Amino acid sequence: MDHTLKIKNVVIGEGMPKICVPMVGTTLTELTEEAEQLLTLDLDIVEWRVDFFESVEDIEKVKEALIQIKEKLKGIPLIFTFRSAEEGGERKVAQDFYVALNKAIIETGNIDIVDVELFNDENDVKMLIDLAHRNQVYVILSNHDFEKTPPKEELVKRLRKAIELGGDIPKIAVMPKDAHDVLRLLEATLEISSRPIVTMAMAGQGVISRLTGEVFGSCITFAAANKPSAPGQIGVAELRNVLQVIHENVNRK
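Residues numbered from 1 in each chain as written. Predicted model: local features only at pLDDT ≥ 70, side-chain atom pairs only at ≥ 80, totals over all residues. Heavy atoms only, no water.

Caption draft 1: Expanded view of the UniProt feature "active site" (unreviewed entry) in the protein. In the UniProt entry, the feature "active site" (unreviewed entry) is given for His144 and Lys171. Considering the C-alpha atoms alone, the annotated residues occupy 28 residues of sequence yet fold into one spot, their largest mutual distance being 8.4 Å. Mapping His144 onto the fold places it in strand 7 (residues 138–145). His144 has contacts with Arg83, Glu87, Lys171 and Ala173, leaving out every residue within four places of it along the chain. Of the polar contacts made by the side chain of His144, one reaches the side chain of Arg83; its length is 3.4 Å. Here Lys171 is to be found in strand 8 (residues 169–174). Sequence-distant contacts of Lys171, that is, excluding residues within four places in its chain, are made with Arg83, Asp115, Ile140, Leu141, Ser142, Asn143, His144, Leu159, Val198, Met200 and Phe222. (UniProt positions renumbered as here; feature names shortened; annotations may be inferred. Helix = DSSP H or I, 4+ residues; strand = E, 2+ residues; numbered from the N terminus. Contact = heavy atoms within 4.5 Å. Polar contact = N/O pair within 3.5 Å; in protein donor to acceptor, adjacent residues only side chain to side chain.)

Caption draft 2: How the structure looks around the pattern of salt bridges. Here the structure, examined in full by the defined rule, presents 19 salt bridges. Among the ionic pairs, Lys103 bridges to Glu107, the shortest N-O distance being 3.1 Å. Of this pair, Lys103 and Glu107 both sit in helix 3 (residues 95–108), four residues apart, which is roughly one turn of that helix. The class of Lys103 is partly exposed, set by a relative accessible area of 34%. Taking the relative accessible area as the measure of exposure, Glu107 reaches 41% and is therefore partly exposed. Here the salt bridges share partners, and the residues they tie into one network are Asp42, Asp44 and Arg240. (Salt bridge = Lys/Arg side-chain N within 4 Å of Asp/Glu carboxyl O. Buried < 20%, exposed > 50% of the residue type's maximum accessible area, 1.4 Å probe, protein only.)

Here's what the structure looks like:
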């Protein structure tokens, strides 16, 4: 790859894909318990899926919860993600609120990466990316299609658009209907794999895409601790074992 991203002690974009586990608690109590459990797992990154949080529409409560989550995680890199209902999330909010929430959290300095959805208003996307970079926060620029897998050319186009807009880690997740869809995603991944990107085909049909990032070029893979945040996530221990086997053999002559 052309470059890597180092966040705390985690280097994204080299070696095995880094394992990210989403936090999906609905209350602060659930979230703090979840954070304590995550410390017992062999993971690399944690994602707070704040759209699951019952008080998500109160930005001050989100900030307060974030402080406690960060303290519990003891230095594990943290992604902040509000996944919109249109892209498979738990909550539908106005665009103005989506922007205000992400802006406020970026400015706290309590996150390492923010997930911004590619198909928001382009001016809003550019503003959030610029703000994130000024606050030493990396940006995942993401797109999720829970209905289908677009043609390879469209997948490549979306990933390139995320790069052009200044996203540090373009991300795309799709729903495959068959193995040909999964292959199309992997081909698109390979085409853009000269830099850190994240791609996945969801559900059981797409599980192979969560395992083979080191071969095709996807640098982060998502696993479940308890409740999956997307179809097809598998357990952390199982995922680590498979990634290790691939890593040990992928460069063997």
